[in-house]
Amino acid sequence: MDNIAIARVLREIADLLEIKNENPFKIRAYRNGADIASNHPHDLAALDETGLREIPGIGKDLAARIREIAETGDAGFHRELVAEFPPTILDLLNLQGVGPKTVATLYRELDIRTLDDLERAAQDGRIRALRGMGTKKEALILKALDERKRFAGRHLLPDAHDAAAALVSHLRERAPEAVVEPVGSLRRGCDTCGDLDLLACGAPPSLIDDFVEYRLVERVLGQGDTRSSVRLAGGFQADLRLVAADSRGAAMQYFTGSKAHNIALRDRAIGRGLKLNEYGLFRIGKETRVAGEREEDIYGALGLDWIPPELRELGGEIEAAEAHALPRLVDVADLRGDLHTHTTETDGKDDIRTMAEAAKAAGLEYIAVTDHSRSLAMANGLDERRALDHAARVRAIDAERIGVRLLAGIECDILPDGSLDLADDCLAALDLVVVSVHSAFNQDRQQMTDRILRAIEHPHVDIVGHLTGRKILRRPAYALDVEAVVDAAARHGVALEINCQVDRLDVNDVHARLARDRGVPLVISTDAHSRTAFGRLRWGVLIARRAWLEPANVLNTRPFDAFRASIRRNRRGAA
DNA sequence: GCCGTTTTCGGCCCGACTGTTTTCAGTCG
């Protein structure tokens, strides 16, 4: 049982307890446990009860449940709940406007167990007959059922950025005197976004009208004096909140989240006789305001350094801020090179020189040309002869000193048995070797782990590309013991890539932070297949920032010569 | 269910909006 599977059981317990109208704090404890499990870098199944209880938020009961799930695949407590309620009713919870109380009523009064049951009941007019419900609620349910079919789930980060930017500029035109900006998961740099949260400070109330009249609004979910939610064409939900200009810092803090970070911060406020909400930080009793205009002042009044949004996930940032020990996070401007690019020699769209010029225009000092190897036939992958000829062409252009330095590299396939796709003498003759998995994704966890470990042990390997193979919103990562791979990378001085393809962002923030903690160097690379792709370094940088990476943790922040000296093949005494 | 420099018991984050109600419960973020 991996952490995701453990998290799923805990989350289902929380949802079912909520439908059962149990103690809300018990529900929160389970939900918190699920969050801890899904974000924990180590396998919880490998920890004993004592080890589990050392994790804040995991106590006696949760530790026992997690052990039980790890050993048997399920928990007796979970089975008892499922016997009480059919698990299919959890689907109902995902509908906009349907919460646990409604689900419980629907099940108790009308024996509604599935989305189909619910649709029939709404169509037959049986919902409106229930106490506390009416025709509007019934219509809302039908609407939510319809939208669920069309807009499922989350969106890629860059899509969310584009949609938010267009909406922000619409609002800024209507209220030039106001400060309008994205908050929420967008500001925290999460790798997917569920909705767009926008904050407007010092705007007239009429901005709410301008918001709901935006040309892409398909449905208004709610509209009041200070906030509104809409559904946009394309599936985004957008939320706008208005506050006075002098509450901007408090509101930004509040609406940036994360939820867990905010709860911890408000808890800290209470401990100091203060109350924190979106309008400011107040002294309880006297109701005087201590801070509110600037985020820095909110954190400062709570005895903390200002915390960058990407770190606000309750992953130790509050303790670090208290100790003045927050990292100086890596920034796009720190990056000097890109170590994963393709050309027309395999499946790229542009030739070596065009890619080099584009990298230079993007402000980079060096790139590695890393076309595919032989076994990726679909991409016209290179055999040894072509790889060396291609390397000679790369070096010839580099010798012209065109303003960006070039490394002759390869993205070499890791074959299913863990051997590499090109001969050792060829790999030894290149400047940089990135190795990646492009085949046999369905190997079991042990096979895949052994496969990648074997590749890392190969003396000519410098970097592992897109380690987990995930395609965001399309396919999950393959089964892999990431911790074992990270430890091997640390032993052999191999770097891990943060791949900037917008649907990869692989490794993710959790794994990158684990790598940092174990002393594994990282690189942030575009995997560019055309001259337009260098701009996407910014997405990888967000992952790096969420992983607490400083410039020193990222090899391609170094100048060209220092970078070359830092990769495995060029280090003295490298394994 | 978790937790402890007020506490091993008694706390646990906060507010806006909607619909169905005549004062509030449910949902959401």
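Residues numbered from 1 in each chain as written. Chains lettered and ligands numbered in written order. Predicted model: local features only at pLDDT ≥ 70, side-chain atom pairs only at ≥ 80, totals over all residues. Heavy atoms only, no water.

Student: I would appreciate a short explanation of the overall build of chain A in the present structure.
Tutor: Regarding its fold elements, chain A presents 24 helices and 17 strands. Here the C-alpha coordinates of chain A stretch approximately 75 × 60 × 50 Å along the principal axes. When each of the 575 residues of chain A is scored for burial, the buried share is 54%. Taken as a whole, chain A presents about 24700 Å² of accessible surface, with 48% of it coming from carbon and sulfur. Here chain A contributes 80 positive and 91 negative side-chain charges, whose respective centroids are spaced 2 Å apart. (Helix = DSSP H or I, 4+ residues; strand = E, 2+ residues; numbered from the N terminus. Buried < 20%, exposed > 50% of the residue type's maximum accessible area, 1.4 Å probe, protein only. Areas by Shrake-Rupley, 256 points an atom, 1.4 Å probe, with all protein chains shown as cover. Lys, Arg positive; Asp, Glu negative; His and termini not counted. Charge placed at Lys NZ, Arg CZ, Asp CG, Glu CD.)

Student: Teacher, can you tell me more about the side chain of Thr370 here?
Tutor: Of note, Thr370 is situated in strand β12 (residues 366–372). Thr370 gets classed as buried once you look at its relative accessible area, which sits at 0%. Those residues in contact with Thr370 that sit more than four places away from it in its chain are Leu339, His340, Thr341, His342, Gly409, Ile410, Glu411, Leu432 and Val434. (Contact = heavy atoms within 4.5 Å.)

Student: In this structure, what is going on with the packing of aromatic side chains? I would like to understand it.
Tutor: The relative placement of two aromatic rings is captured by the distance of their centres and the angle of their planes. As enumerated under the stated definition, the model contains 6 aromatic pairs in all. With a centroid separation of 4.7 Å and 80 degrees between ring planes, the pair formed by Tyr254 and Phe255 is classed as edge-to-face. Judged by its relative accessible area of 17%, Phe255 is buried. With a centroid separation of 5.8 Å and 15 degrees between ring planes, the pair formed by Phe441 and Tyr478 is classed as stacked. Within this pair, whereas Phe441 is found in the loop between β14 (432–436) and α20 (445–457), its partner Tyr478 is found in the loop between β15 (463–464) and α21 (482–492), the two being separated by 37 residues in sequence. (Phe/Tyr/Trp six-rings, centres within 6.5 Å; stacked < 30°, edge-to-face > 60°.)

Student: Sorry, what's going on with the protein's contact with DNA strand B here?
Tutor: The full set close to DNA strand B counts 49 residues, and Arg28, Gly97, Thr102, Gly134 and Arg266 are the nearest of them. Counting only the atoms of DNA strand B that lie within 4 Å of the protein, the sugar and phosphate share comes to 75%. Here a phosphate oxygen of DNA strand B and a backbone polar atom of Gly99 are 2.8 Å apart. Within the side chain of Thr102, a nitrogen or oxygen atom sits 2.3 Å from a phosphate oxygen of DNA strand B. Considering each element in turn, the surface near DNA strand B owes the most residues, 5 residues, to helix α2 (residues 24–39). Here the residues of the surface near DNA strand B sort into 15 nonpolar, 16 polar and 18 charged. (Near = heavy atom within 4 Å. Polar contact = N/O pair within 3.5 Å; in protein donor to acceptor, adjacent residues only side chain to side chain. Nonpolar A, V, L, I, M, F, W, Y, C, P; charged D, E, K, R; others polar.)

Student: Which parts of the structure should I look at to understand the environment of Ile27?
Tutor: Looking at the element boundaries, Ile27 is found in helix α2. Overall, Ile27 belongs to the buried group, its relative accessible area being 5%. Taking the C-alpha atoms as reference points, Ile27 and Asp15, separated by 12 residues in sequence, lie 7.6 Å from one another.

Student: For this particular structure, what's the right way to read the layout of surface pockets?
Tutor: Using a probe with the size of a water molecule, rolled over the atoms, empty space left in the structure can be pinpointed. Taken as a whole, the second largest pocket encloses approximately 270 Å³ of empty space. Residues of the lining of the second largest pocket, tallied by class, amount to 5 nonpolar, 7 polar and 6 charged. (1 Å grid on protein atoms, 1.4 Å probe; cavity = no way out; pocket = protein on both sides within 12 Å on 5 of 7 lines; lining within 4 Å. Points joined across faces, edges and corners; volume = space filled by probe spheres on them.)

Student: Would you mind showing me how to read the sheet that holds strand β16 (residues 495–499) here?
Tutor: Strand pairing in a sheet is mediated by backbone hydrogen bonds. Such pairs are either parallel or antiparallel. Ordered in space as β11-β12-β13-β14-β15-β16-β17, the 7 strands form an open sheet in which the pairing is parallel. On the outer flanks of this sheet lie β11 (337–341) and β17 (522–525), each paired with one strand and no other. Of the strand pairs in this sheet, β14 and β15 are connected by 2 bridges, and their pairing is parallel. The residue of β15 that forms the bridge with Val435 is Val464. Those strands touched by helix α18 (residues 384–399) are β12 and β13 (405–413), and its axis lies near 160 degrees from that of β13. (Pairing = 2+ DSSP bridges. Axes fitted to C-alpha atoms, helices over the stretch in contact; angles between N-to-C directions.)

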